[in-house]
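Geometric and topological summary
Take a look at the letters that make up each chain.
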Amino acid sequence: QVQLVESGGGLVQAGGSLRLSCAASGRILSISDMGWYRQAPGKQRELVATITTGGSTNYADSVKGRFTISRDNAKNTVFLQMDSLKPEDTAVYYCNAKVMPVLTYRYLEVWGQGTLVTVSS
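Figured I'd write up the structure that's included with this text. What you see is a predicted model; the values in this text were computed from it and never measured. (Residues numbered from 1 in each chain as written. Predicted model: local features only at pLDDT ≥ 70, side-chain atom pairs only at ≥ 80, totals over all residues. Heavy atoms only, no water.)

Turning to the state of the cysteines, a few remarks are in order. Inspection of the entire model under this criterion finds one disulfide. There is a disulfide in this structure between Cys22 and Cys95, and the S-S distance comes to 2.1 Å. Every disulfide takes its handedness from the sign of the S-S torsion; for Cys22 and Cys95 that torsion is -80°, giving left-handed. With Cys22 in strand β3 (residues 18-25) and Cys95 in strand β9 (residues 91-101), this residue pair connects regions lying 73 residues apart in the sequence. (Disulfide = S-S within 2.5 Å. Helix = DSSP H or I, 4+ residues; strand = E, 2+ residues; numbered from the N terminus.)

Laid out in structure tokens, this is it:
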């Protein structure tokens, strides 16, 4: 069974920084795209950033220049460095990955349990 476990959320003042981590565990053959999504209270889940195995990145306009996504393929881990945080960044942040488990030979979309980021003004 494949799991994504996030860490690094918390409370921070506006202008501050946080770094989220997400590690995939289980019997994994391969991971393709990884990414971060967020869901604020009363709103739909939205894409924050994605990264391919080769390191190509994509960001939501609202976080460009402030957030940086990266990954460690050897450790099946993806990171989200969040700088210059704003109150509107407050949300539950979810890790997402397309994972090929051993003996499955197809990619499955897996989600983490979410980690809360609260930015105070």
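Another aspect to go through is the pairing of strand β1 (residues 3-7). Every second residue of β1 is oriented toward a common face, the buried set being Leu4 and Glu6 and the non-buried set Gln3, Val5 and Ser7. Pairing of β1 with β3 involves five bridges; the strand directions are antiparallel. From the neighbouring strand, Leu4 faces β3, where its bridge partner is Ala24. (Buried < 20%, exposed > 50% of the residue type's maximum accessible area, 1.4 Å probe, protein only. Pairing = 2+ DSSP bridges.)

A few words now on the sheet that holds β1. If you walk across this open sheet you meet the four strands as β1-β3-β8-β7, and the pairing is antiparallel. Both edges of this open sheet fall to β1 and β7 (67-72), since each of them pairs with a single strand only. Recorded for the sheet is a direction-independent mean angle of 15° between the axes of neighbouring strands. For β7 and strand β8 (residues 77-82), the ladder comprises six bridges, and the chain directions are antiparallel. Directly across from Asp72, in β8, lies its bridge partner Thr77. (Axes fitted to C-alpha atoms, helices over the stretch in contact; angles between N-to-C directions.)

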